[in-house]
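Chains, contacts and geometry: an overview
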Amino acid sequence: MKKLSGLCGHWSYCICFYFLLVIVLQACGNSPLSYTGGAIKPEAALATFEIEEGFTIELLAAEPLIASPVDMEIDEYGCLYVVEMPGYPLDNSRTGKIKLLTDTDGDGKMDKSIVFADQLMFPNGIQRWKGGVIVTDAPNVLYLEDTDGDGRADLRDTLLTGFSLSNPHVNVNNPVYGLDNWIYLSHFGAIGTRKYGTEFGDQGTEIYFPGQPDQPRLPKNAEARTVRFQPDHKKLEMTAAKSQFGQTFDQWGHHFLTHNQNHIYEEMIAAPYLKRNPELLLSNATQSISDHGDATEVFQITKNPDRQLFTPIGLTTSSSGITMSLGGLFPSPFDGNVAFVAESVSNLIHADIIKDNGSSFIAGRHRSDKEFLASTDAWSRPVNMYVGPDGALYVLDYYRRIIEHPEWMSDEAVAAGGLYDGYNMGRIYRITPTGTKAANWTKGLALGDATTGQLVDYLDDKNIWWRQNAQRLLVDRMDKTAIPALVRMSENRDAPLGRLHALWTLEGMGALSSELIKKALHDTVAGVQENAVKLAELHLAASPELETTLLLLQNDTDPKVRFQLLCTLGYINTAEAATARRKLLFSNLSDEWMQVAALSASASQAGSLLKEVLNTFRNDVPAYASLTQRLAAMIGAGKAQEAIGKLIQKAIAPGFKKEESWQAPVLKGLSEGLKRNEPARAVLQNLQPLLVNGFFEHPDAEVRKAALQLLKLTATKGNTIETGIVKAVSIAGNKKLQEERREEAVHFLALSDAAPYGNILKGLIVPQEQPSVQIAAIKILAKLPGTNVSTYLLQQWDVLTPGIRDAALPVFMQDEERIRLLLDAVEKKQVAPTSISWNRRVQLMSNEDEKLRNRARALLTKNDFQKTNLEYQKALELPGNKAKGKVVYTQNCAICHQVRGASGIAFGPDLGTIHNWLAKDIMVNVLDPNFSIAQGFDLWELQLNEGGTLQGMIRNETSAAITIHSAPGIEKTINRQDIKSIKALNMSLMPGLGAQINPQQMADLIAFLRNSRHE
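Bear in mind that the values here come from a model prediction, so they are computed numbers and not experimental data. (Residues numbered from 1 in each chain as written. Predicted model: local features only at pLDDT ≥ 70, side-chain atom pairs only at ≥ 80, totals over all residues. Heavy atoms only, no water.)

1. Some thoughts on the sheet that holds strand 20 (residues 286-288)
- Strand order across the open sheet formed by 4 strands is 17-18-19-20, with antiparallel pairing between neighbours. The sheet is open, and its two edges are formed by strand 17 (247-249) and strand 20, each paired on a single side. Between one strand axis and the next, the sheet turns through 30° on average, direction left out of account.
- In this structure, strand 18 (residues 255-257) lies alongside strand 19 (residues 265-267), joined through 2 bridges in antiparallel fashion. Within strand 19, the position partnered with Phe256 by the bridge is Glu266. (Pairing = 2+ DSSP bridges. Helix = DSSP H or I, 4+ residues; strand = E, 2+ residues; numbered from the N terminus. Axes fitted to C-alpha atoms, helices over the stretch in contact; angles between N-to-C directions.)

2. Notes on the sheet that holds strand 4 (residues 80-84)
- Reading across from one edge, 3-4-5-6 is the order of the 4 strands in this open sheet, with antiparallel pairing throughout. The two strands at the open ends of the sheet, each matched to only one other strand, are strand 3 (69-74) and strand 6 (112-120). Here the strands of the sheet are splayed against their neighbours by 20° on average, with no regard to which way each runs.

3. What about the packing of aromatic side chains?
- As enumerated under the stated definition, the model contains 23 aromatic pairs in all.
- Ring geometry for Phe55 versus Phe334: centroids 5.3 Å apart, planes at 85°, classification edge-to-face. In this pair, Phe55 sits in strand 2 (residues 55-62) while Phe334 sits in the loop between strand 21 (319-324) and strand 22 (338-343), placing the two residues 279 residues apart along the sequence. Of the two residues, Phe55 and Phe334, both sit in the buried class.
- Between Tyr88 and Tyr398, the ring centres sit 6.2 Å apart and the planes meet at 70°, which makes this aromatic pair edge-to-face. Residue Tyr88 is located in the loop between strand 4 and strand 5 (96-102), and its partner Tyr398 is located in the loop between strand 27 (393-397) and helix 5 (411-415); the two are separated by 310 residues in the primary sequence. (Phe/Tyr/Trp six-rings, centres within 6.5 Å; stacked < 30°, edge-to-face > 60°. Buried < 20%, exposed > 50% of the residue type's maximum accessible area, 1.4 Å probe, protein only.)

4. Describing the environment of Arg582
- When you line up the elements, Arg582 lands in helix 14 (residues 575-587).
- Residues Arg582 and Ile517, 65 residues apart in the sequence, show an inter-C-alpha distance of 24 Å.
- A polar side-chain atom of Arg582 sits 2.9 Å from a polar atom in the side chain of Glu612. (Polar contact = N/O pair within 3.5 Å; in protein donor to acceptor, adjacent residues only side chain to side chain.)

5. Topic: helix 30 (residues 850-860)
- Along helix 30, the residues that are buried comprise Leu852, Arg853, Ala856, Arg857, Leu859 and Leu860.
- In this structure Asp849 caps helix 30, since a side-chain oxygen of it lies 3.1 Å from the backbone nitrogen of Lys851.

In structure tokens form, the structure reads like this:
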């Protein structure tokens, strides 16, 4: 790529001012800016941010220079490329652009822009490569280059194609140049659409290099997994995981991913390791690493947040742009071990501190009740981040009124307009430690003109931007004169990161020797060692002597080194490697990923290994059970029917000893394997009598359950099972027997048609029955066709306790007729919307049937706010005083409520959980506690056999009793056999406060509750 005159280095080059001015005016003139409806001008928006103490946020670029930014890249000359996607959510008329931004006066802020490329559909990611950039724009991955230096791409090539053009949330995105010289493409696969099948229903094809029929091709849409490729070498692979929008690596190459609800997880084991042993049944190659939940609580400060149908309050719902803090500029604890995740719906950026945890990591909040960055502006939509050459964290703010896709919005909200409000706006912010100087890279960089020796030196820079780009340039140049300097860097004892990048650079240049790998395997830094093991794996065929050095690491002190070693040793089929694998497995047995790594070996010999495990089985070490189950699953997935039969007979035979309880894991594992191995299930037919007898007679409950799972896999049911059905009915109805046995007997009925026993099962769904028996009966009845069971459950709804109701709801979700009955009950107020969990409501409101979907949305989002006391409406306009509000809370609420476990009595819901609620929603619930009763806090009435009644909240129920809380500090436990009847009163114990507080006090109380997170 030629140096762009006046665009990348203010002081170095010039361009025709008239030409630039015309382009800028053309880019901006068609998009008049209107700051209405709550939009805030860029300069004023800075004041809306609340940022971590010790950090400063400043504006780098904003409209009219840019619009709808989703990704950025700064190349080796300081050229800033910005990806614009104004077409989101539905405009596929190719309005997407790539802009080049310039700082003409050298003040560290961008003030000019030029269109580098346009006519893109939904561009969403960019990566510098060779003389141009790689851009993701489903279904394609493009290469764009300016060959004549005019600032506009005149070369456009399609590198890959075939990705699904689905909802823009999940299209292929965010290319990243990896430590291993592969380019990684974040990809989540196609998702279904019920509204926009024509525009976004494309499911993708095979993924391939266009015009290269002899090159690798991936299965349809890469099986919804992230993809990596090397354009020069025509290499193309799927990874073992997927990520929705964004991905990141730590400094040692560990791969962290994100999707809407799960804000951070790690790809634990690479696809090639899983591919070499197809009998290893692993449903998920990732590890969720958050210690505060996947869909974690976030602390939004937005004054008037946008709330759409499927936006849960106060939880991650739009996580994206995950980025590790590898700029070398931030102070501890943000210096390299922090992952930042954007949360656009909640207008904030969440930060997690990453710590080692065996072969994986654990991510913890940087603050217990505050985000790294949050805005009071509901239009602020951080979607992505970037670490710049100055070490700063750059935040791309999409800036829109609405960020939710209309697929998940109400028809009324879509019809009201506003989907594209802010499409011509957007900001890029720069975050640095307070006192950091203005960005100077905007004046231009000279890395592109650096000598080979200078590039090698940059491999040890504290900032990932310099290390990554220096490595990329060295590999691209293929200058063999760099090899001596790279070798020296790889041996530099004072430069661990330099050693790391030098090794991978040499590998990328095809110049890495086995001797250097051997030295690196003995490195003093675990991260370098771990990567050396990966490099050794690539050279095993040409340098088999590396095995000897690898085997020396089996006692290494670092768990991640041992994990990678175990993965790599799976390719070595020698007795020494097999011995080392077994040693690594058993000495690290409690790490589940070490088990997976060991079993991924192509020569794992599951049968002999299982025999060894059973001979040494320890009941007090749970890892033995998990390993046993995995090995048995591999055997069940195999072809050795005789071995499967013998294992079943051995596991269910008499002579069971509780201290050697390996039998249940064996049977569970075989069941898992046989589910995927239909031909081998024939072995179960002759074992039916043994399995039925084991189900009824074996002393271990887990063995009995596993036997039932195997019976469910048998192709035909004979007299043995029919006899068992009769016995199961007798056990289920016998209240003198243990609850566990009765529950199991109910589940046994699933082996046959349960219709003849429908009345018996219905009779088990009463408050006097043990909860597990009731739930089991509901699950079996749910399998019966028609609506008879659903009708019965609705008739009993008022006497079903909360736990039983939750188990009953799935019965209604099985077909449209049953859903219609449930919605009828909601409309008649027989079933309160608040008794339907959030996930179930989402399921109902996204039903494929348009009429049912619209009806569910109307019923479940019905808001009678306007009908509440009109006198208090003005409270929403009054300024609230948090301090005075705390007094109101103490005087009126603390008698029954706490705020985050303090400042009151824990009787009603903790009010610290409502800080993200809209002010009007808080007010209506204060005035009318019956408006939306929190789950678990509704009022029930119990009539007792001896006479008298009790009213209160059901806070606990067991198989033997129900505990009622009737007032703070007052509770009573009632045995189930003493209960004559139970009924939901569909009301709250809490009194409304309309008579106690005036509108100003209401405004103060709202101010306190919405800002209670620091109390």
